[in-house]
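Topology and contacts: notes
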Amino acid sequence: MIGMWVDLSEDELRAYRSSQTDPADFDAFWADTLAESRRHDLAVSVTPIAVGLTTVEVFDVVFAGFDGQPIRAWLRVPARRDERLPAVVEFVGYGGGRGHPMENLLWSSAGFAHLVMDTRGQGSGWSTGDTPDPAGTGPAFPGVMTRGIESRETYYYRRVFVDAVRAIEAVRTVDVVDAERVALYGNSQGGGIAIAAAALDGHVSAVVPRVPFLCDFRRAPVITDRPPYREIAQYLKAHRHSVERVHETLQYFDCVNFARRASAPAWFSTALMDGTCPPSTVFGAYNAYAGPKQITVWPYNEHEGGGIEDDAIALEALRGVFDRAERH
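Residues numbered from 1 in each chain as written. Predicted model: local features only at pLDDT ≥ 70, side-chain atom pairs only at ≥ 80, totals over all residues. Heavy atoms only, no water.

1. A closer look at the sheet that holds strand β2 (residues 56–64)
Counted only if it meets this: Pairing between two strands requires that DSSP report at least two bridges joining them. Each helix is a run of H or I in the DSSP string that is no shorter than four residues. Each strand is a run of E no shorter than two, and both are numbered from the N terminus. Between N-to-C directions, angles span 0 to 180 degrees; the directions come from axes that are lines fitted to C-alpha atoms, helices contributing only their stretch in contact. By definition in these notes, contact holds between two residues if any of their heavy atoms fall within 4.5 Å.
Across the sheet, which stays open at both edges, the nine strands sit in the order β1-β2-β3-β5-β4-β6-β7-β8-β9 with mixed pairing between neighbours. Edge positions in the sheet fall to β1 (45–49) and β9 (293–298), since each has one partner strand and no second. Each strand axis lies, on average, 20 degrees off the axis of its neighbour in the sheet, ignoring direction. Along the sheet face, helix α4 (residues 156–171) touches β2, β3 (70–78), β4 (85–91), β5 (113–117) and β6 (177–187) and points at about 155 degrees away from the line of β5.

Set out below in structure tokens:
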């Protein structure tokens, strides 16, 4: 079936501004949340594993995430290296995990260190994961979007966003990594996590959110019936009296609010036929983004966005960022 535009025209998207507001204590909440987890030592372990590759070495990484809980990751680096490497920290799309150690070789093949963070409690939808989410939550619609959603303290993405910041801190400790040259990359959920982590860390070199999820929560669940946003609508269909309480929670996790606080150069992408992450939700975050920014709009694509073309744009952009940082 031929697709169609699911949202506003590109001109309207560029003029669109999200109605999402940020709570007065947004920054204090996140400062306190990060301080709590930073009381735990990062406890980074980096263990080489044999995968039979000749151009890339792979390491099994474990570090302490939210509340000191162990989070797994893969670290891939070029087998031949003469100096400390710039690093790309990747966050994974919804339902996926860090996957197989031989997958996802682009960034290490390009000469970068590449850390892929496992996403707690996911990793069985389309790629495998190895990190549980031990925190208990109340009633939830299947999936992770509504886990603990009645409170900012218990909401699932509070744990994930802290894990992401700790992943950045962990990769900076690895001896092959240039700690001053770390960029963030992610597709869909991974793109949303990258925006949040860029704002919370405050020192990354660049961020690449491809067709990002977790943006514009006031709008998203009422303009698309596709998962994962549908999980929120389904939850509120059953919990009729929780609408305002849920949206009060989501204010603290909306990437529109994180975008307002992010300063690293950013390369976004969106697709006009994307019913999973509708383009107005992406533009809600993009138009709010405080740092230097560019966005690629793919008019005839769905949630795959630009596919390999997005990767090519990201590779050129990050190589330029890292080269300029090295010269300075």
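2. Some details on helix α10 (residues 279–288)
Operational definition: For each residue, the accessible area found with a 1.4 Å probe, counting protein chains only, is set against the maximum for its type, and the residue is called buried under 20%, exposed over 50%, and partly exposed in between.
In terms of burial, α10 is largely enclosed, as ten of its ten residues are buried. For α10, the full list of buried residues reads Pro-279, Ser-280, Thr-281, Val-282, Phe-283, Gly-284, Ala-285, Tyr-286, Asn-287 and Ala-288.

3. Description of the layout of surface pockets
Rule in force here: The distinction between a cavity and a pocket rests on a 1 Å grid over the protein atoms alone: a 1.4 Å probe fits inside a cavity but cannot get out, while a pocket stays open yet meets protein on both sides within 12 Å along at least five of seven lines, and a residue with an atom within 4 Å of a point counts as lining. Grid points are joined across faces, edges and corners, and a volume is the space filled by probe spheres set on the points. Gly counts as polar in this scheme, as do all residues outside two lists: the nonpolar Ala, Val, Leu, Ile, Met, Phe, Trp, Tyr, Cys and Pro, and the charged Asp, Glu, Lys and Arg.
Its boundaries defined by the atoms lining it, the largest pocket holds a volume of some 290 Å³. Along the walls of the largest pocket sit 18 residues, with Glu-90, Val-92, Asn-104, Trp-126 and Tyr-185 positioned nearest its centre. When residues of the lining of the largest pocket are traced back to their parent elements, those giving at least two are β4, α3 (106–109) and β6. Looking at the lining of the largest pocket residue by residue, the class counts come to seven nonpolar, six polar and five charged. Looking at the second largest pocket, its volume works out to about 210 Å³. Lining the second largest pocket are 14 residues, with Glu-83, Arg-84, Leu-85, Pro-86 and Gly-111 sitting closest to its centre. Ranked by the residues each element gives to the lining of the second largest pocket, the list is headed by helix α11 (residues 308–327), at three residues. Classifying every residue of the lining of the second largest pocket by side-chain character gives four nonpolar, one polar and nine charged.

4. Quick word on empty space enclosed by the protein
Applying the stated criterion across every chain yields a total of one cavity of 30 Å³ or more. Approximately 70 Å³ is the volume found for the largest cavity. Along the walls of the largest cavity sit Val-208, Arg-210, Trp-267, Phe-268, Ser-269, Thr-296, Asp-310, Ile-313 and Ala-314, which together make up its complete lining. Those elements that place two or more of their residues in the lining of the largest cavity are β7 (206–210), β8 (266–271) and α11.

5. Some remarks on the state of the cysteines
For clarity, the cut-off: By definition, disulfides here are pairs of cysteine sulfur atoms that lie within 2.5 Å.
Applying the stated criterion across every chain yields a total of zero disulfides. Of the cysteine sulfurs around Cys-255, a residue in no disulfide, the closest is that of Cys-215, at 4.6 Å. Taking the relative accessible area as the measure of exposure, Cys-255 reaches 0% and is therefore buried.

6. Details of the packing of helix α2 (residues 26–38) against α4
As a reminder of what qualifies: In this scheme the crossing of two helices becomes right-handed for a clockwise turn of the near helix relative to the far one and left-handed for an anticlockwise turn of less than a right angle.
It is the contact of α2 with α4, at a shortest axis distance of 11 Å, that shows an interaxial angle of 60 degrees. For α2 against α4, the interelement crossing comes out right-handed. Contacts between α2 and α4 involve Phe-29, Trp-30, Thr-33, Leu-34, Glu-36, Ser-37 and Arg-38 on the former and, on the latter, Tyr-157, Arg-158, Phe-161, Val-162, Val-165, Arg-166 and Glu-169. Of the residues belonging to the contact of α2 with α4, the class tally is seven nonpolar, two polar and five charged.

7. Here we look at the nonpolar core
Note the cut-off: As used in this record, nonpolar core signifies buried Ala, Val, Leu, Ile, Met, Phe, Trp, Tyr and Cys residues forming a set joined through side-chain atoms within 4.5 Å.
In terms of nonpolar packing, the biggest core is built from 82 residues, with Trp-30, Phe-91, Tyr-157, Phe-161 and Leu-184 touching the most fellow members. At eleven residues, the largest contribution of residues to this core is made by α4. If near-sequence neighbours (up to four positions away) are discounted, Phe-91 is found in contact with Met-117, Ala-164, Ala-167, Leu-184, Tyr-185, Gly-186, Asn-187, Gly-190, Ile-193, Ala-194 and Ala-197.

8. Overview of the pairing of β7
For β7, the buried fraction is high: five of the five residues fall into the buried class. The alternating pattern of β7 places Ala-206, Val-208 and Arg-210 on one face and Val-207 and Pro-209 on the opposite face, and all of these are buried.

9. Notes on the packing of aromatic side chains
Applied cut-off: The aromatic pairing rule takes the rings of Phe, Tyr and Trp, using the six-membered ring of Trp, and pairs them if the centres are within 6.5 Å, calling planes under 30 degrees apart stacked, those over 60 edge-to-face and the rest tilted. Geometrically, a charge over a ring is one whose NZ (Lys) or CZ (Arg) sits within 6 Å of the ring centre while staying within 35 degrees of the ring normal.
Following the criterion strictly, the structure yields 23 aromatic pairs and no others. Ring centres of Phe-26 and Phe-258 lie 5.1 Å apart, and the angle between their planes is 65 degrees; this geometry places the pair in the edge-to-face category. Within this pair, whereas Phe-26 is found in helix α2, its partner Phe-258 is found in helix α9 (residues 255–259), the two being separated by 232 residues in sequence. Of the two residues, Phe-26 and Phe-258, both sit in the buried class. Clustering of aromatic rings is evident, with ring pairs tying together Phe-26, Phe-29, Trp-30, Tyr-155, Tyr-156, Tyr-157, Phe-161, Tyr-252, Phe-253 and Phe-258. Directly above the ring of Trp-74 sits Arg-98, whose terminal nitrogen or CZ lies 3.6 Å from the centroid. Here the guanidinium or amino end of Lys-293 rests over the ring plane of Tyr-286, the centre of that ring lying 5.0 Å away.

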